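Residues per chain are reported as follows:
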Amino acid sequence: MSDHGMMEKEEIFSKVLRAGRRTYFFDVRATKAGDYYLTITESKKFTNDDGSFHYKKHKIYLYKEDFSEFNEILREMTDYIIAEKGDEVISERHQKDFKKEDYSSNTNDDIAKDEESAEKFTDINFEDI
């Protein structure tokens, strides 16, 4: 590839946001005409059963003529989500202090429900079968 071809793909300005298994890359690049545009890439790490891993990437190209509307809608959507659900992450697996539920920590209500459902079953003596 010529030096000119390499220049077209060179990042002018970049930022990285690491978020768990996901990494977001924000890259300012130049068009052939010398104008700038933004690429946003989501890279997500997947681990195979054998311990090896691979990445899946999704890319958005955002051009200057769309910046204002894109920014407005992004702000509106993020503001809506924060207003409706707050900024605390609700998904259990994303909580920093998430631990799988231990069955020994059943509440009294849970135990009562289990006993009620157990009473609905008939006791069977397998020696009689």
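Preceding block: the structure.
What counts, and where the lines are drawn
Within every chain, residues take consecutive numbers counted from 1 along the sequence as written. Only residues with pLDDT of at least 70 are given local features in this predicted model, and only at 80 or more are side-chain atom pairs given and counted; all residues enter the totals for whole chains, interfaces and linings. Side-chain metrics rest on all non-hydrogen atoms present in the structure, leaving aside hydrogens and water. One side-chain nitrogen of Lys or Arg within 4 Å of one carboxyl oxygen of Asp or Glu is enough to make a salt bridge. Every helix listed is a DSSP run of H or I at least four residues long, and every strand listed is a run of E at least two residues long, numbered separately from the N terminus. Using a 1.4 Å probe on the protein chains alone, a residue whose accessible area is under 20% of its type maximum counts as buried, one over 50% counts as exposed, and one in between counts as partly exposed. We treat two strands as partners when DSSP finds at least two bridges between them. To get an axis, a line is fitted to the C-alpha atoms, and for a helix only the part in contact is used. The angle between two axes follows their N-to-C directions and goes from 0 to 180 degrees. A contact between two residues is defined here by any heavy atoms of the two lying within 4.5 Å.

## As for the pattern of salt bridges
Now for step 1: By the definition in use, this model includes four salt bridges.
Now for step 2: In this structure, the salt-bridge partner of glutamate 42 is arginine 22, at a minimum N-O distance of 3.7 Å. Residue glutamate 42 is located in strand β3 (residues 36–47), and its partner arginine 22 is located in strand β2 (residues 22–30); the two are separated by 20 residues in the primary sequence.
Now for step 3: Judged by its relative accessible area of 24%, arginine 22 falls in the partly exposed class.

## A word on the sheet that holds strand β4 (residues 53–63)
Now for step 1: Ordered in space as β1-β2-β3-β4, the four strands form an open sheet in which the pairing is antiparallel. Two strands bound the open sheet, and with one partner strand each, they are β1 (13–19) and β4. Each neighbouring strand pair of the sheet contributes to a mean axis angle of 15 degrees, computed without reference to strand direction.
Now for step 2: Both β2 and β3 contribute to a ladder of nine bridges, which runs antiparallel. Bridge pairing in β3 places aspartate 27 opposite threonine 39.
Now for step 3: Across the sheet, helix α2 (residues 64–85) is in contact with β3 and β4; its angle to β4 comes to roughly 100 degrees.

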